[in-house]
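# Understanding the architecture of this molecule
Here are the chains, one letter per residue:
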Amino acid sequence: MPLTQPVPAQPLAFRPLTVRGVTMRNRLWVAPMCQYSILKKDGVPEDWHLVHLGGLAAGGAGLVIAEASAVSPEGRITDQDTGIWNPEQADAWARIVRFHPRAGRPGRHPARARRPQGLDLARLGHRRPRRRPARHRPR
Ligand SMILES: Cc1cc2nc3c(=O)[nH]c(=O)nc-3n(C[C@H](O)[C@H](O)[C@H](O)COP(=O)(O)O)c2cc1C
């Protein structure tokens, strides 16, 4: 009986992958997910996005792709979409991206949607899950 056991090969999912010079630490990646969560409707990602995306990155994903970010205000699916058409939005995204080097790689999904009927989230009953401390007062 050997004193040491053979080390099992690391599963492929946990091995790094380099794409065009960018190395992801593993192959467990998070696809973009629209949040429709900009309360101020100005396209500027909020603390919500830092926590949501940062949490996924901190959880171990090798790549986290941020949700669709409109390249123009009229290109949004809803007026609560994130945007990337002005410097204020770019700065807010930079704060989120700066967090990622400590965790997984950040990715982006630039978007330009057509909104033929205008998507009225309130009418559809959409509500973002409330995770902000101020909104979690016990009843
Ligand atoms: C709630 C939700 C929001 C999504 N938002 C986006 C988005 O913002 N941009 C995008 O490209 N895809 C979006 N998708 C599509 C997903 O990124 C993904 O392609 C789809 O869920 C299929 O993933 P799968 O092949 O891993 O099952 C969204 C999917 C879901 C379920």
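Values in this document were obtained by computation on a predicted structure and should not be read as measured data.

Before going further, it helps to spend a moment on helix 1 (residues 47-58). Compared with an ideal rise of 1.5 Å per residue, which puts 12 residues at 16 Å, helix 1 spans 15 Å between its outermost C-alpha atoms and is within 8% of the ideal. Looking at helix 1, one finds that the buried residues are His-49, His-52, Leu-53, Gly-54, Leu-56 and Ala-57. Structurally, helix 1 contributes buried residues whose contacts are with strand 3 (29-30), strand 4 (63-70), strand 5 (82-83) and helix 2 (87-99). Count one or two residues on from helix 1 and you reach Gly-60, which has phi positive near 120°.

Our focus in this paragraph is the nonpolar core. Within the largest apolar cluster, 11 residues are counted, these being Leu-53, Leu-56, Ala-57, Ala-61, Leu-63, Val-64, Ala-66, Ile-84, Ala-92, Trp-93 and Ile-96. Counting only elements with at least two residues in this core, the list comes to helix 1, strand 4 and helix 2. Here Trp-93 is in contact with Pro-45 and Ile-84, once residues within four sequence places are set aside.

The next thing to look at is unusual backbone geometry. In this structure, Tyr-36 takes a positive phi of about 50° despite not being glycine. With respect to the element layout, Tyr-36 can be found in the loop between strand 3 and helix 1. At Lys-41, a residue that is not glycine, the phi angle is positive and equals roughly 60°. Relative to the helices and strands, Lys-41 is located in the loop between strand 3 and helix 1.

The rules behind these values
Residues numbered from 1 in each chain as written. Predicted model: local features only at pLDDT ≥ 70, side-chain atom pairs only at ≥ 80, totals over all residues. Helix = DSSP H or I, 4+ residues; strand = E, 2+ residues; numbered from the N terminus. Expected span 1.5 Å × (residues − 1). Buried ≥ 20, exposed ≤ 12 C-beta atoms within 10 Å, placed from the backbone. Contact = placed C-beta atoms within 7 Å. Core = buried A, V, L, I, M, F, W, Y, C linked by C-beta atoms within 7 Å.

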